[in-house]
Structure formats: C-alpha cells, structure tokens
Amino acid sequence: MEAAGTGTRTAARRQERRMRAPTTLEKQRDQRPAGRLTRRRIEEDQEEAVFREVVSFTADPLPVRYYDKDTTRPISFYLSSLEELLAWTPDAEDGFNVASGPPECRQPPLSSQRPRTLMCHDMMGGYLDDKFIQGSATQTPYSFYHWQYIDIFVYFSHHVVTIPPVGWTNAAHRHGVCVLGTFITEWKDGERLCEAFLAGDERSYRAVADQLVLIAQFFRFDGWLINIENSLSLAAVGNVPHFLRYLTSQLHQQVPGGLVLWYDSVVSSGQLKWQDELNEQNRVFFDSCDGFFTNYNWREEHLERMLGQAGERLADVYVGVDVFARGNVVGGRFDTDKSLELIRKHGFSAALFAPGWVYECLEKGDFFRNQDKFWSLLERYLPTHSICSLPFVTSFCLGMGTRRVCYGQEEAVGPWYHPSAQEIQPLFGEHRLEGDGQGWVKTHCCLEDAWNGGSSLLIRGLIPPKVGNVAVRLFSLQVPVPPKIFLSLVYKLEGTSAVGVALELTTGDAGSCHVGGISVLSAETSTRRSPRPLRVPPTKLAKWVGRCGQQLSGGWVQRCYEVNLRGCLLQDLFVSFSRPPGSQKEENFICRLGELQVVDANSLLTPLPQVQALTVSHVRWQPAASEWEGGPARLRLSCTLHWAYLLPRVRCFRIHCCRGSEGGSPSSGPSEPGRPRLLGLAFVNRYRIVGLAVAAAEPGQDGRVEFLVEPVPKEGFPVPRAEWGRVAMLYSMPRT
C-alpha cells in the first residue's frame, strides 16, 4: 500500500459490543508502579493523601517507548520488528494508551450487509502530534470530524505493527466507529520477517496472531489490516490462509465485533502482484478473513467481474480509492465522488485512502473549508449511522482550539490539540427548504467561540418571507425512550437577530420493533415533537438545571426540556429557528451551539462514586529559572497521578493543581488554594504532570502543591468539589 452517499437503511439486529478482557489484563491495566512511591512517607486523612518528597535532581529514567525522551510526556508507540512483537507483554506503562471503552452501540451494526465506508488514515509516516496522549500545543493540526459517514477507521504507517494512537481510538469509538491497526511487511526485510513466522509450522504463525489479538484486546481497538507487500515462498504463502483464519477466529473470541481485513498485494503463488480486484488469484485470502481491501488502479470492468467473486459478501469487499489520485485511478482529490459513484453502483464498500490530502496538499488556512467541501461532494454516496445509547451529550468540541473554555469561562489561552477530547460531531453541510429553495441552513465547526472545550457549532441560515421556521437535523439516533428524559440546549445568537431557537425531535413507535432488534421505520411512523420547557425542576436536579432559561456568561443561553414518551423510539434531533412574532421580512441569523444533552432522568438521580486511592509516582525534579507569578520559579515538577474510578461512568477527568505559598510551614497546613488551575484532561485513571513550575522550599520548611482530579460524568453536569480526588505533595530541599 502506497502512502498516500447515500445507501438504503436496512432492518438489522441491534448489537451492543462490550469488551470482556481476561481478568489478568484488567488487573494489568490498573497496576500502579512500585519503587520510589513505596519509599516515601504517606500520610492519610479523610480528605486527601499527603506524599512527602525530598527534592533530587537524579531521577530514575522512564522507558523511552512510552514517554517522550525530552519531556517525559506519555506517547503512543509502534513496534518495528517481529522480535518486538513477540516480546511485548502488557505493562503498567501501557495504561496511558488504553482506550476508554469499546465503540458506542450503533444502528445499523457493522455486521449488517449495507455497504460500508472505510477511512485509511496515512499522513506523513504517522505518529505526528497525535502521538502525544495527553495532547499538545499544535497550532494547525489535522482534525477529522465527519465521523457519521465512516464505519471503519484504519491507522496506517509503515512500521511493522502500527498500534493506533489512543486519541483516534477514543474519538472513533465515541461515534460508533471501529478502529483497526496495521500489520505490514515490505521489501527484503519483509520477506525475511514473513519467512520467519510463516514458512515454519503452525506454532510460529499462531504466536504472531496471538500477540496481535492480545495487543488489540489490551489497548481496546478492534482489529487489523494485514498488508503483506513482499514476495513469499511457497511454504510461507501456503500458511497465510491458516494464519488469517486463526487470527480472525481468535480476534472474534476476544474482541467482540473485531475485524481482520486483507490488502490486495500478494497472490496465491506468493508473487507480489497487485490485482486491483478480487479474483481467483487472491480469493483464498478473502475467504480466510472478514474482508478484502483492493488496490487502487481499477476500472468499472474490475467491479463488474468482482460481483461473481464476492457473491453474498459484496459489503466485505472494500474498493480502494487513493484520494491523492496517484497512478491510473478513477477520481481522487475533489473528484473522489466519481470513484464512489461506481463503487456504490455495484454495491461494494469503499476504502478511502489518505483523505488527509486536503490537509497535506492544500492551504492550511483553508483546511476546514476544504475538508467540508471534500466530504460534501461525497455525501450522497455515504450512508450515515445512528448512535443507540443514552446519555447523548456533546459540546461540539473538535478536540482542539485556540483556548480552553469551561461552561463559558475561559480557563487558558493558547493553541491545544487533544484528539481524545473530541466530542460527538453532528451532520455537517447545507440544507435547503423544499419548494422554492429560498430558505436554507448551513452548519460549520467554529474555533472562534466555545461553551465547553475549544469550539462550537456555527449555524447560519435564512428564513424567507411567508415561512414560519427552518430546521436542521444534527444527529440521527435510534434510542428506545426511557419513561422520562431531560434535554438541554446551550446556544448564542450573534448580532441583533431575535429568531426563536428550540430543540425538536422525531420519535417512532417502538412497537414496530421485533424482539432483539430495531426495525427501520417509515416516514408515517415518525412524529416530530417540540418538547415542553422544564420550568420547575425536581429538587435533586436543581443544580443541573439551575442555569435553564438564564443568560449565562459570554452571552450564552441554556434551554431545558422534559419529555415523557412511552413505547417510542428517539430518532432524530433537530434545531429549529422561527421568525420573531410580527415579523414578515426575510430573517437572516447566525447562531452558535455550545452544548446539547439528552439524558435519562433516572441517571441524574444516581449518585456518582468518589475518586479514590489517588497516588503519586515517577517524580522528577528540574531546576528552573523562569518567572512564576511575580517570583522566581526555581523548580519544575513532573510526576504521574493514579486513581481508582469506574471509567464507564465518566466522559473524562479534569486535572487541576493548587500551589501553596512558597516556604509554607508543615504545621500551618495548606495555604489558601484559590481557584484551581486546569492542567489537562485524562481519559484513563492516570495523568502525567510535566514541567509544573513550583517554588523551591526554604531550608527547614516544606513546599506544597495539591492536585485535584475532577470526574466529568457522561451526563455532562458539574460534580461538587467534595467528590473530586485530592492528593498533596509536601517537598523539601535536601540537607547539605
């Protein structure tokens, strides 16, 4: 592999995927480093743990595979050889790179026979700024946000074992998209590697397959693209189908819903000979795994020939499209729709290779406009999927920004990029009224303002005369409605526009669903509803809805709704814009959406657990000479926090620090902490603090710094500080 619509919705059985890793793996993920931590004196009280540390500038080195050698920031990694693959075992340091959970439940499930869309991300060798697990200060990163069109995401590089950076896995899973890593062999080195594990007996290829399954299971991604791009001996190629069948069967057992795909390269004779189609020379590999990814230099006659080869498995053939348009290809670049038109005409799935072309080859300043243009041209050929679970909460954050905002309050200024922080993205594009087409609504992502995170959703539109309102569908859902749900919308109108803004939803009769599945409902069974505003919230929900109907900081407004529907299916979420009372003229409007929440009422009444067992390890001190809050910042502290919490209950953790006064006395307790300072976000039960400026302690006195771990529940409401985790570090200079 070189570097580089519209479908019918079918009734499908609902398939909810849950990762069931062996107990040993779960214990391994939660393992906390020993060593330096156990040699410290630890004090406990009811509110926080206190660790004592004597400053030393000679720190134990951290393994370079897991940490950036210059900063000690945790990084995603790959494996470069067969020896590294076979030697890998789960380690405590791997815990940073574990995804938050499996893909969200979706409809139709990936196992349906609807043609699918695969995105193969190959960008400049891979592991760029996306390798920094806790984010980076990148100014103009590549960001992908058209997830509703994608079914499978492949992270591609030319390393032997490409483990997807966890930020991509978290973002994809949040949208119900499965994620594959890549196992690739190339050139003469690839021939030798394949001979070593394929030309012998089954123990050799099974050992490789077992390791690939273990890696996918441990890091919580969903499978592998197998790409053998070198010639094979007869003995080696004869074992490839056995290897694929064993890998596929083991992956299905350990990773429910997992996939193994084969790339069109080697043929059954062992020659490296790209076919650009599924045929008798490579059919044996297709029959041994979950799918086949064709090479890119095909014509329509190739597609016609494949109809007979694929049989009932048309959707398991992923026809490759090189977006860079290298070689003798159909379409590519802004003509990629020509490729998709032919692929969908014959009922195949599509594999879009390197759609990051819009970022790599075009002006960075026009990236968002170009990316929206690229995907809008393909929209008619890209069927979307629906999320099937509650709570459904999004702030529309892209996982990047020029500043950080929390509930309308600016927390930090400066560029940031953190793919794990990307929240569920809507359907983007332009929507016009039927008929004369004068009314329209356009949606864009926007970094200029945010309610929570780094961006918001910008909606521009026009309500023509004699039309009461226009609406735009943002999300497609397939959720059985619980007895009561609460909805919330945070928005801001720009300029002097006085249009009305409201949430609308469509529901269907859940009685039309057969046992164990959800049927596609006809238009006649859908009902568009405008929920009634929630005016007097239940006592236990008062904090959550205390802002409802109020003018909030930054000009934001929050509207809350209550819905009581029984036996219904929640299908779509719209935002509707209505003309002001008495207005007859054309109404232009610009609106920003900051947050949307759909929550099962019962979940809001369930108490959250408290962050527990907060500890500190891997401490590293460095002298520093920069200024800090008017005084000399003589030390920089790096350390790792660990804690215990059930990850399925949270969206993320916000990590804060409160620094004590310089040279505080041990007996005086903590200084007035003031407002905690946000350090970053964590999506697992650990966080690496890097280069935090603290004041050096005076002789005979302790310095103090306190760390707080704030859980952010999936429902999206703030958690009282009493339920945060707290740990303090008292540090002193060594005696001379």
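Rules behind the numbers
- Residues numbered from 1 in each chain as written.
- Predicted model: local features only at pLDDT ≥ 70, side-chain atom pairs only at ≥ 80, totals over all residues.
- Heavy atoms only, no water.
- Pairing = 2+ DSSP bridges.
- Helix = DSSP H or I, 4+ residues; strand = E, 2+ residues; numbered from the N terminus.
- Axes fitted to C-alpha atoms, helices over the stretch in contact; angles between N-to-C directions.
- Core = buried A, V, L, I, M, F, W, Y, C linked by side-chain atoms within 4.5 Å.
- Buried < 20%, exposed > 50% of the residue type's maximum accessible area, 1.4 Å probe, protein only.
- Contact = heavy atoms within 4.5 Å.
- Parallel < 35°, antiparallel > 145°, perpendicular 65-115°, else oblique.
- Nonpolar A, V, L, I, M, F, W, Y, C, P; charged D, E, K, R; others polar.
- Phe/Tyr/Trp six-rings, centres within 6.5 Å; stacked < 30°, edge-to-face > 60°.
- Lys NZ or Arg CZ within 6 Å of the ring centre and 35° of its normal.
- Polar contact = N/O pair within 3.5 Å; in protein donor to acceptor, adjacent residues only side chain to side chain.

### Brief notes about the sheet that holds strand S36 (residues 686-694)
Paired through backbone hydrogen bonds, the strands of a sheet run either parallel or antiparallel to each other.
Here's step 1: A sheet is described by the order of its strands in space; here three strands give the open sequence S30-S33-S36, paired in antiparallel fashion. Pairing within the sheet leaves two strands with one partner each, and these edge strands are strand S30 (612-623) and S36. Looking at each pair of strands side by side, their axes are set apart by 20 degrees on average, direction ignored.

### Here we look at the nonpolar core
Here's step 1: In this structure, Val161, Phe183, Phe197, Ile215, Ile226, Phe243 and Trp262 are the most contacted members of the largest nonpolar core, which totals 111 residues.
Here's step 2: With nine residues, helix H5 (residues 202-219) is the largest single contributor of residues to this core.
Here's step 3: When residues no more than four places from it in sequence are discounted, the contact partners of tryptophan 262 are Leu225, Ile226, Ile228, Val240, Leu244, Phe285, Cys289, Gly291, Phe292 and Phe293.

### Some details on the packing of helix H4 (residues 187-198) against H5
Here's step 1: Two elements in contact, H4 and H5, have axes whose closest approach is 7 Å; the angle formed by their N-to-C orientations is 110 degrees. With respect to their mutual orientation, H4 and H5 come out roughly perpendicular. For the pair H4 and H5, contact is made by Ala196, Phe197 and Leu198 and by Ser204, Tyr205 and Val208, respectively.
Here's step 2: For the contact of H4 with H5, the class distribution of residues is five nonpolar, one polar and no charged.

### Some words on the packing of aromatic side chains
Here's step 1: A full pass over the atoms with the stated rule returns 40 aromatic pairs.
Here's step 2: Considering the side-chain rings of tryptophan 147 and phenylalanine 153, the 5.7 Å spacing of their centres and the 55 degrees angle between planes classify their relative orientation as tilted. Each member of the pair, tryptophan 147 as well as phenylalanine 153, carries the same accessibility label: buried.
Here's step 3: On the numbers, 5.1 Å between centres and 90 degrees between planes, the contact of phenylalanine 218 with phenylalanine 219 is edge-to-face.
Here's step 4: Judged by relative accessible area, phenylalanine 219 falls into the buried class, the value being 2%.
Here's step 5: Each residue in the set Tyr142, Phe144, Tyr145, Trp147, Phe153, Trp168, Tyr359, Phe367, Phe368, Phe374, Trp375 and Phe428 is aromatic and connected to the rest through ring pairs, giving one cluster.
Here's step 6: Across the ring face of tyrosine 359, the terminal group of lysine 364 is positioned such that the distance to the ring centre comes to 4.6 Å.
Here's step 7: The ring of tryptophan 416 has arginine 404 lying over it, and the distance from NZ or CZ to the ring centre is 4.1 Å.

### Comments concerning unusual backbone geometry
For residues that are not glycine, phi is negative in most cases, and the peptide bond is trans in most cases.
Here's step 1: Cis geometry is adopted by the peptide bond preceding proline 108, which originates at glutamine 107 and carries an omega value of -10 degrees.
Here's step 2: With respect to the element layout, proline 108 can be found in the loop between strand S4 (106-107) and strand S5 (117-121).
Here's step 3: Backbone torsion omega between leucine 390 and proline 391 reads 0 degrees, so that peptide bond is classified as cis.
Here's step 4: Summarising the element assignment, proline 391 is placed in the loop between strand S14 (386-387) and strand S15 (392-394).

### Considerations on the side chain of serine 476
Here's step 1: The residue serine 476 is located in strand S21 (residues 469-480) in this model.
Here's step 2: Side chain to side chain, serine 476 and serine 386 meet in a polar contact 2.6 Å long.

### Concerning helix H9 (residues 336-345)
In an α-helix, one turn spans 3.6 residues, which is why side chains three or four residues apart end up on the same side.
Here's step 1: Buried within H9 we find Thr336, Ser339, Leu340, Leu342, Ile343 and Arg344.
Here's step 2: The inward-facing, buried residues of H9 contact S5, helix H8 (300-310), strand S12 (317-322), strand S13 (349-353) and helix H11 (367-378).
Here's step 3: Directly after H9, the chain includes glycine 347, whose backbone phi takes a positive value near 85 degrees.

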